[in-house]
Structures are given as C-alpha cells and as structure tokens.
Amino acid sequence: MAELDQEDSKIITLARSARARTGAAEGAAVRDTMGRTYSACTVALPSLKLTALQAAVAAAVASGADGLEAAAVVTDADSVDADSLAAVHDLAPSAPVLRANAKGELA
C-alpha cells in the first residue's frame, strides 16, 4: 500500500482525535478546497442524529466551504455508510473517503 501524503495523514489524525475525545462510535475529518480542516464525531441526540462524516461536512459548509478535497472516517465498521458518502459527494463527487481503524491504519 502506498504511503499517505501528509495532508491525508492529518485528517486521519484529526478524525482519531475527535473519536477518542468523545468516545463516539466514529470520528471524521474533511479538508476543503482551501486546505482548511474540520473534524467531528457521531452525534446521537434524541432530536438529532448525524454520522461523524455528516457532522464534519456540516461544519465545513457552515464555515463557508463549497468543495472538499478529501475526507476520513475512523470507525470499527466494515464500510462507510451510504449517507456519509452522500454528504461528502454532495460537495465533491470524486473526493476520496479514507476509512481507518482506531489505530489510524487504513482499512
């Protein structure tokens, strides 16, 4: 497997940190087209449920991002769910979505 570039490693680290900080099921981070990063974790409130990636995309959009370069999810799941992928692809149909385990290893 090829080495990750520094910017992709950074969003995996941010996603790991978001997950670890909150003990959430998932952590995620996205990088917008200006190089800014946004991280988030799973939101599971009675009135609001978002995957970590949906929350990270929402944070980017709320900050004015109009496109994404890449996204990363740290999860124990075998795949990234369709709703999370759809949120990323709403802004960037071809943006890569990296999936990593809790150790930050690509899955």
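Residues numbered from 1 in each chain as written. Predicted model: local features only at pLDDT ≥ 70, side-chain atom pairs only at ≥ 80, totals over all residues. Heavy atoms only, no water.

The protein chain is annotated in an unreviewed UniProt entry as Cytidine deaminase of Kibdelosporangium phytohabitans.

A. The arrangement of the environment of Ala-87 in detail. Positionally, Ala-87 belongs in helix H3 (residues 82-91). Relative accessible area serves as the criterion here: at 13%, Ala-87 is assigned to the buried category. Between the alpha carbons of Ala-87 and Thr-51 there is a distance of 9.8 Å; along the sequence they are 36 residues apart. With residues near it in sequence (within four places) discarded, Ala-87 still touches Gln-54 and Val-57. (Helix = DSSP H or I, 4+ residues; strand = E, 2+ residues; numbered from the N terminus. Buried < 20%, exposed > 50% of the residue type's maximum accessible area, 1.4 Å probe, protein only. Contact = heavy atoms within 4.5 Å.)

B. Representation of the side chain of Asp-32 within the structure. Of note, Asp-32 is situated in strand E1 (residues 27-32). When its relative accessible area of 1% is taken as the criterion, Asp-32 is described as buried. In terms of polar contacts, Asp-32 uses its side chain to reach the backbone amide nitrogen of Met-34, at 2.8 Å. A polar atom in the side chain of Asp-32 sits 2.7 Å from the side chain of Arg-36. (Polar contact = N/O pair within 3.5 Å; in protein donor to acceptor, adjacent residues only side chain to side chain.)

C. The arrangement of helix H1 (residues 6-22) in detail. Taking 1.5 Å as the rise per residue, H1 with 17 residues should run 24 Å; its terminal C-alpha atoms sit 25 Å apart, in good agreement. For H1, the full list of buried residues reads Asp-8, Ile-11, Ile-12, Ala-15, Ala-18 and Arg-19. The buried side chains of H1 occupy one side of the element, clustering within an arc of 120° when seen end-on. Turned more than 90 degrees off the buried face of H1, the exposed positions are Gln-6, Ala-20 and Arg-21. Where H1 is buried, its residues meet E1, strand E2 (37-41), strand E5 (68-74) and strand E6 (97-100). For H1, the N-terminal cap is Asp-5; the gap from its side-chain oxygen to the backbone nitrogen of Glu-7 is 3.1 Å. Within two residues after H1, Gly-23 carries a phi angle of roughly 70°, on the positive side. (Expected span 1.5 Å × (residues − 1). Arc of directions from axis to C-beta.)

D. Seen up close, the side chain of Asp-8. Tracing the backbone shows Asp-8 in helix H1. Other than its neighbours up to four places away in sequence, Asp-8 contacts Arg-31, Ala-70 and Leu-98.

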